[in-house]
Amino acid sequence: MLSAVAFFFYLSGCQLDHIEIKKPPKDRHQPYNYVGHKGMVVAAHPLAVQAGLEVLKKGGNAVDAAIATAFALNAAEPFASGIGGGGFMLIFLAKEKRVTVINYREKAPGRAYPSMFLDKGKVKNEWRNIHGLAVAVPGALAGWNYALEKYGTLKLAETMERSIQIAEQGFSVSETFSQINKDEYEKLLLHSGESSPYLFDGFPYEPGDTFQNQDLAKTLRRIASHGWQDFYNGGIAQRIVEAVQNKGGLITKEDLSSYTPIEQLPLKGTYKGFSLYSIQPPGAGGLHTIQLLNIIENWQVRSWGFNSPLYIHHMSEAFRFVFADRAHYLGDPDFVSVPAKHLISKNYASQIAAKISPDHLQDSYPPGSIDKELITKQNTTHLNVIDEWGNIVCLTQSINDFFGSGIVPTDTGFLLNNHMADFSPQPDSINAPRPYRRPVSSMAPLILFNQESPFLILGSPGGTRIFPTLTQIVINIIEFGMSLDEAIEAPRFFSYSTQGKARSLFVESRIRPETILSLEEIGHTVELRDAYDKFFGGAQGIMILSGQKIILGGADSRRDGAGEGY
Amino acid sequence: MKKSLLSLSTVLALAMFFLSVPEETREEWPRFEHPLLITSAGQSADVQIAGVLAKRAGLAATLSKAATEAELENIRTLALVIGVSMKGLGAAGLDLDQETSRVNRLVDAAKSQNIPLLCLHLGGEARRGNLSDQLITAFLPSARMVIVVKSGNKDGFFTRICEEKTVPLLELERTVDAIESLKTLFRSDNEPELFINILSF
């Protein structure tokens, strides 16, 4: 049982002092596991990894390092997350053997209302995505500060030093950055014109160009000297309000000054011998990952084989049922009743598994529907940190779409989110915008425990692909015996349902043509994506073996993922 | 400061490029006239880049991401910016077949009105792939000239098609280099030699 896990325990028991640490391969898609013995940081940009690792090596704990990494990502991967956004942080406190969640998801402004995205009865998508109305009250800085004050050892300003340096000195733009910059060019032009700080002389950055953000460096310095409150109740707050309202949005000074993150209990599930901890709704990704793993427990997936037609078919059908639940049941639990306990029960999962047929698609996937537009989002970022004391931070955060709303408050250099788009535009939805509500999110930072010990730390960006992606990675490791990065790099697939109907099955083009033919024969409409497509996320993972004597890191080559241990 | 240094180096590189292109070669480049209609083949945001390039080149241009035949009225050049974006297609409510049909109709209409086609591929290597390559293969042969950012032609894909169909191909190091190329391609005989400014830099 659990061949991969057994293999790693065997490996760690035999060769603790003799692991050969190879350099990362030139082909960035070739699976590569970073190795550490004390601590590890994996994140979506190498400079952010360095920022976190420096903090760990100086004696900071995992929370300190995670916040330093998050700030550095704001400078080095500004299109995916930052102080203009929000997210969730899953923390394992080794001494207390306790998992806690910090929810710093953005909130709707106090003047939000359910029909705010309807224009003469029709959904106005630009208002949801690239307009002042798209901006929700950011939570990142408040959340990071909360985590540091309660669980860290450093001051906020101390975690910002490296990010200021990255913003000031700049760095060489990657293919990923350049491509995303080109993809979002129209949005950047719309709000800031050719003088946008995210354009190079009015054009998207090319690979190899140096990207600097002096405005962001100044903003970070201001926060370091004035304190994080300046963002919510000072000069920066004023600029946010002006920027949002100038673009037709609703955020007020009161919305910003009243924002508070919340600390929550984690959501707990199991898969075979493993315990799984993740975040509570409105972070729906953890709940759905647990739900999917529960469904999979009813099947002999190992005997079907990795990415076999039978495996992909069953998984896709499970995704479709889960998406139906997502649309019907998920909202902000502070305001609506979310039946999480029911949705993650083994009994409910076996009912869904029993509905799935091996040779055909279902006529319908009740109940509910999901907004098709959510399916195109890629965005977000994820990082993991483990320190020498065994504390863990597993953090997923976002500004929603790449480059968020595209709105940059004057001379601040940071992007505001467009997370209001995560609310349903339908006024009668359980997830419709209402004052101070948090929109449903697919984020799903996960920690798997093998008995009492943390074994796998995992998360990914990727919008609605997050929980299908994480489920596939967990199964790749536990059932198909892959190493951590092999599991992350393995070809992925995704499907969903809307209004009870099956939608296309998206597959990376590395999946075998004969498998695709078989899936089409069963009835799937298959859509081929690139071989390594960031549409399916950019997962980061840490695997902890043999009582933390060996720590492996895996970082997704679909984006600029990197890791380093010590 | 670094930006301005890079801008300076870009201009110098551009000057070197023009110095290295023989006068007779530049003279052989086809001529185009404006106003031009800029549209996308594949709905990537590269079409917006082309709009800004045309503006900076001082060309009279209309940008219409999903242009139709009716928009060719009074147009002297059709500029087709090739590159598929699934997100862009989704936002436009189109699938690839519908997009291909639209562009086919537009190109056919341009041909029938003797409006020359200028194809641009500005997205580099990242804007290749099966879907983009389908459109490149479909529309390059109809072009009077093709402009491609070099990293998009690493495998010689554009070179092969252009050689086979005898379509002039201009490779650029960087997207921004297209400004000077467009100025040259759209210059009229009674206008001064536009790259004199570059040579005398």
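In this convention, every chain numbers its residues from 1, walking through the sequence in written order. Working convention: letters from A go to chains and numbers from 1 go to ligands, in the order in which they are written. This being a predicted model, a pLDDT of at least 70 is required before a residue's local features are given, and a value of 80 or more before pairs of side-chain atoms are given or counted; all residues contribute to the totals for chains, interfaces and linings.

**Some details on the overall build of chain B**
- Comment: elements are numbered from the N terminus, with helices defined as DSSP H or I runs of at least four residues and strands as E runs of at least two. Helices and strands together make up the secondary structure of chain B, namely nine helices and six strands.
- Taken across its 201 residues, chain B has 43% of its residues classed as buried.
- Our contact criterion uses C-beta atoms placed from the backbone: two residues qualify when those atoms are within 7 Å. A fraction of 77% describes how many contacts in chain B between residues 6 or more apart in sequence connect residues 24 or more apart. Exposure is read from a count of other C-beta atoms within 10 Å of each residue's own; the residue is exposed at 12 or fewer, buried at 20 or more and partly exposed in between. C-beta atoms are placed from the backbone.

**A look at the domain arrangement of chain A**
All names here are of chain A.
- Just so you know, the domain bounds were taken from an automatic or database domain assignment. Domain boundaries in chain A define domain 1 (3-261 + 380-422) and domain 2 (267-375 + 463-541).
- The distance between the C-alpha centroids of domain 1 and domain 2 comes to 26 Å.
- Every contact between the two is made by 20 residues of domain 1 and, on the other side, 21 residues of domain 2.
- Among the secondary structure elements, those contributing two or more residues to the side of domain 1 that touches domain 2 are helix 1 (3-14), strand 2 (40-43), strand 3 (86-93), strand 4 (98-104) and strand 12 (381-386).
- Residue contributions to the side of domain 1 that touches domain 2 peak at four residues, all from helix 1.
- For this scheme, ten residues count as nonpolar: Ala, Val, Leu, Ile, Met, Phe, Trp, Tyr, Cys and Pro. Four count as charged, namely Asp, Glu, Lys and Arg, and the remainder, Gly too, count as polar. Its residues assigned to classes, the side of domain 1 that touches domain 2 comprises 13 nonpolar, six polar and one charged.

**Topic: helix 2 (residues 46-57) of chain A**
All names here are of chain A.
- Between its first and last C-alpha, helix 2 extends 16 Å over twelve residues, near the 16 Å set by a 1.5 Å rise per residue.
- Along helix 2, nine of the twelve residues are buried, which leaves the element largely enclosed by surrounding structure.
- If you check which residues of helix 2 are buried, you get L47, A48, V49, Q50, A51, G52, L53, V55 and L56.
- Where helix 2 ends, the next residue or the one after it, G59, has phi of about 100 degrees, a positive value. How far a helix is expected to stretch is found by multiplying one less than its residue total by 1.5 Å.

**Structural notes on unusual backbone geometry**
Residue and element names in this part refer to chain A.
- Cis rather than trans, the peptide bond between P281 and P282 has omega equal to 15 degrees.
- When you line up the elements, P282 lands in the loop between strand 11 (274-278) and helix 13 (284-296).
- Positive phi values are uncommon outside glycine, yet D201 reaches one of about 55 degrees.
- Positionally, D201 belongs in the loop between helix 8 (185-192) and strand 8 (210-211).
- You can call D201 partly exposed: it has 15 C-beta atoms within 10 Å.
- Of note in the backbone geometry, Y436 takes a positive phi value of approximately 65 degrees without being a glycine.

**Considering the sheet that holds strand 2 (residues 61-63) of chain B**
All names here are of chain B.
- The pairing criterion for strands is at least two bridges between them, as found by DSSP. Pairing is parallel in the open sheet, where six strands are placed in the order 2-1-3-4-5-6. Since the sheet does not close on itself, it has two edges, and those belong to strand 2 and strand 6 (169-172), each with one partner. Pairs of neighbouring strands in the sheet enclose a mean axial angle of 20 degrees, with direction left out of account.
- Where strand 5 (residues 145-149) meets strand 6, four bridges bridge the pair, whose relative direction is parallel. Each bridged residue has a counterpart across the sheet, and for V148 the counterpart in strand 6 is E171.
- Sheet strands in contact with helix 6 (residues 130-139) are strand 1 (36-41), strand 3 (77-82) and strand 4 (117-121), and its direction is about 155 degrees off that of strand 3. Each axis is a line fitted through C-alpha atoms, taken for helices only over the stretch in contact, and angles between the N-to-C directions span 0 to 180 degrees.

**As for the packing of helix 13 of chain A against helix 18 (residues 466-478) of chain A**
All names here are of chain A.
- The contact between helix 13 and helix 18 brings their axes to 9 Å, and the two run at 45 degrees. Taken together, helix 13 and helix 18 sit at an angle that is classed as oblique. The handedness of the crossing between helix 13 and helix 18 comes out as right-handed. Listed contacts from helix 18 to G285, H288, T289, L292, L293 and I296 of helix 13 are I466, F467, L470, T471, V474 and I475.
- Residues belonging to the contact of helix 13 with helix 18 are distributed by class as follows: eight nonpolar, four polar and no charged. Should an angle fall under 35 degrees it is called roughly parallel, over 145 degrees roughly antiparallel, and 65 to 115 degrees roughly perpendicular, with every other angle called oblique. Left-handed describes a crossing whose near helix is turned anticlockwise from the far helix by less than a right angle; the clockwise case is right-handed.

**Details of the nonpolar core**
- Note on terminology: a nonpolar core is any set of buried Ala, Val, Leu, Ile, Met, Phe, Trp, Tyr and Cys residues joined through C-beta atoms within 7 Å. Of all hydrophobic cores here, the largest spans 234 residues; its most connected members are A:I447 and B:F139.
- By residue number, the principal contributor to this core is helix 3 (residues 62-76) of chain A, which donates twelve residues.
- Looking at which domains feed residues into this core, each of domain 1 (3-261 + 380-422) and domain 2 (267-375 + 463-541) of chain A gives three or more.

**Things to note about the interface of chain A and chain B**
- Facing the 22 residues of chain A at the interface are 18 residues of chain B.
- Mapped by element, the contributors of at least two residues to the side of chain A that touches chain B are helix 7 (175-183) and helix 8 of chain A.
- Ranked by the residues each element gives to the side of chain A that touches chain B, the list is headed by helix 7 of chain A, at five residues.
- Tallied by class, residues from the side of chain A that touches chain B come to five nonpolar, seven polar and ten charged.

**Points about the environment of A:T159**
All names here are of chain A.
- Structurally, T159 can be placed in the loop between helix 5 (140-151) and helix 6 (161-169).
- Take T159: there are 28 C-beta atoms within 10 Å of it, and that puts it in the buried class.
- Through-space distance from the C-alpha of T159 to that of Q30 is 33 Å; in sequence the pair is 129 residues apart.
- Filtering out sequence-adjacent residues up to four positions away, T159 remains in contact with V55, D64, I67, A68, F71, L148 and L154.

**Topic: the confidence of the model for chain A**
- In predicted models, pLDDT denotes the confidence assigned by the predictor to each residue on a 0 to 100 scale. With 93% of its residues at a pLDDT of at least 70, chain A reaches an overall mean of 91.
- Per-residue pLDDT stays below 50 along residues 1-21 of chain A; that stretch engages in 23 contacts with residues further than four places along the chain or on separate chains.

**Digging into the sheet that holds strand 2 of chain A**
Residues and elements named next belong to chain A.
- Pairing in this open sheet of seven strands is antiparallel, and the strands run 9-4-3-13-12-2-23 from one edge to the other. Because the sheet does not close on itself, it has two edges, and the strands there are strand 9 (262-264) and strand 23 (562-565). In this sheet, neighbouring strand axes are inclined to one another by 10 degrees on average, regardless of whether the strands run parallel or antiparallel.
- Bridging between strand 2 and strand 23 involves four bridges; their strand directions are antiparallel. Its bridge partner lying in strand 23, M40 is registered against G565.
- Most of the contacts of helix 2 go to strand 2, to which it runs at about 160 degrees, and overall it touches strand 2, strand 12 and strand 23.
- In the packing of helix 3 onto the sheet, contacts are made with strand 2, strand 3, strand 12 and strand 13 (392-398), and the angle to strand 12 comes to roughly 150 degrees.

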